[in-house]
Amino acid sequence: MSVMQVRSEAELRSEVVRFAIDLGFETVAATTVIDHPLAQPEFFSVDNTPAAYRDTFEDTQISRVDPVMQHCKHASVPIIWDQHTYTACGLGDKWESQARYGYRTGIALALHLPEGKHFLLGVDRDQPVPAHKGELTRVVADLQLFAVLAQDAALRILVPASSQVESPALTPRELECLRWTMDGKTAWEIGSILGIVERTVVLHVNSAMHKLDCVSKHQAVVKALRLGLIR
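Let me begin by describing the structure that accompanies this report. (Residues numbered from 1 in each chain as written. Predicted model: local features only at pLDDT ≥ 70, side-chain atom pairs only at ≥ 80, totals over all residues. Heavy atoms only, no water.)

### A look at the pattern of salt bridges
Argument step 1. Per the stated rule, a full pass over the model turns up 8 salt bridges.
Argument step 2. The partner of Asp-142 in a salt bridge is Arg-138, and the shortest N-O contact between them spans 2.6 Å. With a gap of 4 residues between them, Asp-142 and Arg-138 both fall in helix α7 (residues 133-158), about one helical turn apart.
Argument step 3. The exposure class assigned to Asp-142 is partly exposed, which follows from its relative accessible area of 28%.
Argument step 4. Between Arg-173 and Glu-176 there is a salt bridge, with the nearest N and O atoms lying 3.0 Å from each other. Taken together, the positions of Arg-173 and Glu-176, both in helix α8 (residues 172-182) and 3 residues apart, correspond to about one turn of that helix. (Salt bridge = Lys/Arg side-chain N within 4 Å of Asp/Glu carboxyl O. Helix = DSSP H or I, 4+ residues; strand = E, 2+ residues; numbered from the N terminus. Buried < 20%, exposed > 50% of the residue type's maximum accessible area, 1.4 Å probe, protein only.)

Next comes the structure, spelled out in structure tokens:
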């Protein structure tokens with residue numbers, strides 16, 4: 001089963017944990033956040049966080065100063081963190097405390113989506129991250145790709161329908177462009193196939209991304225597949 005095929009919270013958690021372990025990390029947390037202008041944000045999570053760690057560190061006051069959480073709140077690029085990440089901002093004691101639970105190093109990232117939606121994915125372990133640059137690049141790339149797939153599943157399964165906005169229908173040309181994108185074609189290649197200029201293809205893809213509340217063409221393809229809009 002892939003994360004795109006999950007149908008329940010238990011299946012989603014199982015796939016998220018399986019992915020993290022296959023990647024070489026013992027613990028993982030995947031959190032969807034829905035912002036509300038006039039109310040507190042909603043949080044929906046799946047993880048395998050040790051209970052003792054959760055009881056000690058799951059505190060909103062702590063997250064406001066945690067350097068990894070602050071990075072994810074304001075940026076979309078992944079952060080590779082270790083002891084220095086915490087000592088550099090005067091939080092060496094916090095790292096010492098969490099290291100006892102296996103949280104010594106890790107990689108975290110956030111996807112900031114339209115309509116005030118966010119998806120955070122972090123993997124952690126008690127050993128250093130891969131020292132070889134090529135291996136580390138592969139790990140980060142795998143994490144980024146999985147995040148795109150997992151956030152779609154998380155929004156579908158964990159977030160109540162009342163918190164989601166219906167997406168408008170896509171035009172036939174937008175669907176054509178997404179289908180060819182799914183096949184790995186570039187905008188120039190799609191333009192040649194459809195007999196339109198490259199700029200028009202980009203406009204159709206961008207329009208589809210906007211309608212589907214996506215931040216990348218790959219995410220738009222995944223969502224269109226899940227909704228049965230393309231095959």
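### Comments concerning the nonpolar core
Argument step 1. Formed by 37 residues in total, the largest nonpolar core has its most connected members in Leu-12, Ile-107, Phe-119, Leu-121 and Leu-143.
Argument step 2. Sorting the residues of this core by element identifies α1 (9-23), β1 (27-36), β2 (39-47), β4 (105-113), β5 (117-125) and α7 as the ones contributing at least two each.
Argument step 3. Element by element, the count of residues in this core is highest for α7, at 13 residues.
Argument step 4. With residues up to four places along the chain from it excluded, the contact list for Leu-143 reads Phe-19, Leu-23, Ile-107, Leu-109, Leu-121 and Val-123.
Argument step 5. Of all hydrophobic cores here, the second largest spans 18 residues; its members include Cys-177, Val-205, Met-209 and Ala-224. (Core = buried A, V, L, I, M, F, W, Y, C linked by side-chain atoms within 4.5 Å. Contact = heavy atoms within 4.5 Å.)

### Description of the side chain of Thr-85
Argument step 1. As for its placement among the helices and strands, Thr-85 is situated in helix α5 (residues 83-87).
Argument step 2. Look past the residues within four positions of Thr-85 in its chain and what remains in contact with it is Pro-67, Ile-79 and Ile-80.

### Overview of the environment of Phe-44
Argument step 1. Within the secondary structure, Phe-44 is located in strand β2.
Argument step 2. Distance from Phe-44 to Ala-75, taken between C-alpha atoms, is 20 Å for residues 31 residues apart in sequence.

### Quick notes on α1
Argument step 1. With 15 residues, α1 should cover 21 Å at 1.5 Å per step; its first-to-last C-alpha distance of 21 Å lies within 8% of that length.
Argument step 2. Along α1, the positions that sit buried rather than exposed are Leu-12, Glu-15, Val-16, Val-17, Phe-19, Ala-20 and Leu-23.
Argument step 3. Of the surrounding elements, those touching the buried residues of α1 are β1, β2, β5 and α7.
Argument step 4. Among the residues trailing α1, Gly-24 stands out with phi positive, at a value near 105°. (Expected span 1.5 Å × (residues − 1).)

### Focus on the sheet that holds β2
Argument step 1. Ordered in space as β2-β1-β5-β4-β3, the 5 strands form an open sheet in which the pairing is antiparallel. Each end of this open sheet is capped by a strand with a single partner; those strands are β2 and β3 (79-81). The sheet shows a mean angle of 20° between the axes of neighbouring strands, direction not considered.
Argument step 2. As paired strands, β1 and β2 are joined by 7 bridges and run antiparallel to one another. (Pairing = 2+ DSSP bridges. Axes fitted to C-alpha atoms, helices over the stretch in contact; angles between N-to-C directions.)

### A closer look at the environment of Phe-146
Argument step 1. Relative to the assigned elements, Phe-146 resides in helix α7.
Argument step 2. Looking at Phe-146, the relative accessible area reads 7%, which means it is buried.
Argument step 3. Residues Phe-146 and Met-4, spaced 142 residues apart in sequence, show a C-alpha to C-alpha distance of 9.8 Å.

### With respect to a nonpolar patch on the surface
Argument step 1. Nonpolar side chains collect at one region of the surface, where Met-4, Met-182 and Leu-225 lie side by side and expose about 200 Å² of accessible area between them.
Argument step 2. Looking at where Met-4 falls in the secondary structure, it is placed in the segment before α1.
Argument step 3. For Met-4, a relative accessible area of 31% corresponds to the partly exposed category. (Patch = residues over 30% accessible without salt bridge, like charges linked within 9 Å, V, L, I, M, F, W, Y side chains within 5 Å. Areas by Shrake-Rupley, 256 points an atom, 1.4 Å probe, with all protein chains shown as cover.)

### Some details on unusual backbone geometry
Argument step 1. In the Ramachandran plot, Asp-213 falls in the positive-phi region, its phi being about 60° despite a non-glycine side chain.
Argument step 2. Its location among the elements puts Asp-213 in the loop between α10 (198-211) and α11 (217-226).

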